Amino acid sequence: MTDAPFRPNGGRHHVVIVGAGMGGLAAAQKLKGENVDITLIDKKNHHLFQPMLYQVATGMISAGEIAPSTRQLLRNQDNANFVNAEVTDIDIKSQTVTAVNDEFTRVFEYDSLILASGSGQSYFGNDHFAEFAPGMKSLDDALELRSRIISAFEKAELTDDPKERERLLTFIIVGAGPTGVELTGQIAELANRTLTDVYSNFSTSSAKIYLLDGAPQVLPPFGKRLGRKSQRALEKLGVDVRLNAMVTDVNEESVTYKNMKDDSEHTLTGAIKIWSAGVAASPLARLVGEQAGVEVDRAGRVSTNEDLTVGEYSNVYAIGDLMGLNRLPGLAQVAMQGGAHAAKLIAAKVDEESTSNETEAFDYFDKGTMAIISRGYAIVKMGKTEITGFVGWLAWLGLHLMYLQGFRNRLVAVVNWAQNFFTRSRSNIEITKQQAYARNIIDNASKQEVK
Ligand SMILES: Cc1cc2nc3c(=O)[nH]c(=O)nc-3n(C[C@H](O)[C@H](O)[C@H](O)COP(=O)(O)OP(=O)(O)OC[C@H]3O[C@@H](n4cnc5c(N)ncnc54)[C@H](O)[C@@H]3O)c2cc1C
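As the structure is a prediction and not an experimental result, all values here were calculated from the model.

Turning next to the overall build of the chain. Summing up its helical and strand segments, the chain has 12 helices and 23 strands in all. By the compact-globule yardstick of 22 Å for 451 residues, the chain fits well, its C-alpha radius of gyration being 23 Å. Along the first, second and third principal axes, the C-alpha atoms of the chain reach 75 × 55 × 45 Å. Counting every position in the chain, which comprises 451 residues, the buried fraction comes to 45%. Look at the contacts in the chain between residues 6 or more apart in sequence, and 63% of them connect residues 24 or more apart.

Below is the structure:
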């Protein structure tokens with residue numbers, strides 16, 4: 001006999017939210033106090049603020065500051081329950097979601113579903129690049145990168161061979177979007193400012209840092225002018241920016257790319273390769289899209305109706321990075337506003353006084369985008385307004401501080417930023433072997449099991 005699907009006692013409208021990231025958490029919090037029971041399911045036990053992952057990867061702040069426990073965030077919300085498990089199946093006809101945590105499996109029955117499981121790294125069909133060029137989508141990724149970066153400096157201290165030292169001190173970042181640019185800027189700061197005088201046998205400022213992208217400019221969403229300014233700021237930090245550079249191979253030793261302008265092929269040898277070139281929506285988007293008979297785009301995003309519902313299913317909402325609507329970008333604000341919108345529509349539906357069946361289109365309010373290039377230099381684009389330099393940097397700090405969850409995390413982040421600004425040092429550059437090697441060892445072990 002199989003257990004009946006779970007639903008909370010009391011018979012209230014049951015909202016299942018898959019994913020406690022930017023969109024899912026916003027939806028759950030918006031439903032606080034409403035006449036619904038919420039089950040928020042996430043395979044991670046923390047709510048990750050991805051825009052500051054690169055600061056973890058470069059030792060500026062620690063992991064806990066951008067990844068508070070989701071359960072504790074919901075502590076004061078009586079109508080919400082958190083489940084730490086991976087959703088492996090969704091059946092939108094029988095209105096069930098299956099979630100697994102190791103040997104525990106539980107099936108949940110919902111009245112409304114909000115799908116908010118985000119996106120992962122995409123290697124555009126070249127998944128084998130991942131072994132040598134990790135991406136940066138999770139805390140594990142950021143900690144692995146930090147370990148690889150700092151380990152390279154430590155090993156460079158031990159070698160007497162100049163060629164080997166050059167290999168160890170060569171960093172190749174693929175993808176000049178906001179993540180790639182921010183990470184590149186911080187690696188340059190580590191090499192040229194933070195660590196310059198801490199090694200005896202070499203100077204970290206001899207590091208070579210390459211930023212590659214197939215596009216003709218850095219940061220395409222920011223437009224040509226800001227792209228040019230950002231490129232100049234990176235070059236001032238010593239970064240070698242190579243545009244129109246389509247990466248064709250990544251292996252243990254090197255990255256090969258084709259210059260799209262003249263078809264010439266180039267190979268860069270370096271110990272540290274980092275991938276920040278593409279994203280693919282959570283596979284759950286395709287699963288739901290196929291069941292609902294709606295289109296899923298090349299990046300795996302499920303098409304939604306204007307109100308964020310999926311196909312004929314007026315109780316299934318897709319939000320954030322996995323939703324395909326009006327070419328909206330994969331940004332935290334899109335996810336958070338989408339979560340709040342879905343929550344508002346659900347609350348209106350269950351409101352006993354409401355007699356209207358009318359729905360409301362999602363109207364995204366673009367508050368602008370920003371990226372940090374280096375200490376004291378950021379770019380901001382808000383409609384036609386463009387800000388660069390120190391003012392942009394202050395705006396970035398203020399805004400990101402506002403969106404960090406928890407007073408303590410904000411305070412610690414400010415202390416860390418101030419420490420780095422005034423003293424150069426970073427408090428979080430400890431590394432462990434587990435962080436550096438575990439991902440590939442686990443991947444290889446599971447491949448062996450499958451054989
Ligand atoms: C490094 C980096 C930097 C970024 N910088 C910026 C920035 O500066 N500004 C900006 O606006 N945006 C930025 N973004 C994009 C922004 O973070 C995303 O657009 C936003 O997080 C999307 O929200 P979401 O709720 O759709 O997904 P996410 O926030 O990614 O949340 C998805 C959640 O679903 C969970 N999940 C996934 N699959 C399952 C499953 N099968 N079962 C259970 N749980 C699951 C995940 O664990 C995760 O917690 C950045 C992204 C990255 C990776």
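And the narrative resumes.
Residues in contact with the ligand amount to 34 residues; listed here are only the nearest, Gly19, Gly21, Gly23, Gly118 and Gly320. Those elements giving two or more residues to the shell around the ligand turn out to be α1 (22–30), β2 (36–42), α2 (53–57), β4 (86–91), α6 (178–194) and α9 (332–350). For the shell around the ligand, the domains that each give at least three residues are domain 1 (13–43 + 85–121 + 280–350) and domain 2 (127–277 + 375–437).

Moving on: the sheet that holds strand β23 (residues 385–389). As summarised here, the arrangement of the 3 strands in space is β21-β22-β23, forming an open sheet in which the pairing is antiparallel. Strand pairing shows two members of the sheet lacking a second neighbour, β21 (369–374) and β23, which therefore form its edges. The mean angle between the axes of side-by-side strands here comes to 10°, regardless of whether they run parallel or antiparallel. Note: strand β22 (residues 377–382) against β23, 5 bridges, orientation antiparallel. Bridge assignment links alanine 378 to a residue of β23, and that residue is glycine 389. Packing of helix α10 (residues 390–403) onto the sheet brings it into contact with β21, β22 and β23, and relative to β23 it is tilted by some 100°.

What follows deals with the sheet that holds strand β14 (residues 265–269). One open sheet accounts for 3 strands, arranged β12-β13-β14; its pairing is antiparallel. Each having just a single partner strand, β12 (245–250) and β14 make up the two edges of the open sheet. Neighbour-to-neighbour, the strand axes of this sheet turn through a mean angle of 30°, independent of strand direction. Alignment of strand β13 (residues 254–259) against β14, held across 5 bridges, turns out to be antiparallel. In the sheet register, lysine 258 faces β14, and the bridge partner there is glutamate 265.

Turning our attention to helix α7 (residues 223–236). Structural remark: α-helix, 3.6 residues per turn; residues separated by three or four positions point the same way. For α7, which comprises 14 residues, the first-to-last C-alpha distance of 20 Å matches the rise-based estimate of 20 Å (1.5 Å per residue) to within 8%. Glycine 238 lies just past α7 and shows a positive phi near 95°.

Let us now look at the pairing of strand β9 (residues 170–174). Counting buried positions over the 5 residues of β9 gives 5, a clear majority of the element. For β9 and strand β10 (residues 208–212), the ladder comprises 5 bridges, and the chain directions are parallel. Bridge pairing in β10 links isoleucine 172 to tyrosine 210. Between the parallel elements β9 and β10, the chain passes through α6 in a crossover that is right-handed.

The next subject is the nonpolar core. Ile66, Ile172, Val174, Ile373 and Ala378 are the most contacted members of the largest nonpolar core, which totals 73 residues. By residue number, the principal contributor to this core is helix α4 (residues 139–158), which donates 8 residues. With residues near it in sequence (within four places) discarded, isoleucine 172 still touches Tyr210, Leu212, Val255, Leu268, Gly270, Ile272 and Lys273. In this structure, Ala26, Ala28, Ile90 and Ala281 belong to the second largest nonpolar core, which totals 57 residues.

Secondary-structure assignment places valine 302 in strand β17 (residues 302–303). Each C-alpha atom of the pair valine 302 and alanine 332 lies 18 Å from the other, and the pair is 30 residues apart in sequence. If near-sequence neighbours (up to four positions away) are discounted, valine 302 is found in contact with Ala285, Val288, Gly289, Val294, Val296, Val310, Ala318, Leu322, Met323 and Gly324.

Thresholds, definitions, all that
Residues numbered from 1 in each chain as written. Predicted model: local features only at pLDDT ≥ 70, side-chain atom pairs only at ≥ 80, totals over all residues. Helix = DSSP H or I, 4+ residues; strand = E, 2+ residues; numbered from the N terminus. Rg over C-alpha atoms; globule rule 2.2 N^0.38 Å. Buried ≥ 20, exposed ≤ 12 C-beta atoms within 10 Å, placed from the backbone. Contact = placed C-beta atoms within 7 Å. Near = placed C-beta within 6 Å. Domains from an automatic or database assignment. Pairing = 2+ DSSP bridges. Axes fitted to C-alpha atoms, helices over the stretch in contact; angles between N-to-C directions. Expected span 1.5 Å × (residues − 1). Right-handed = clockwise from strand over helix to strand, strands pointing away. Core = buried A, V, L, I, M, F, W, Y, C linked by C-beta atoms within 7 Å.

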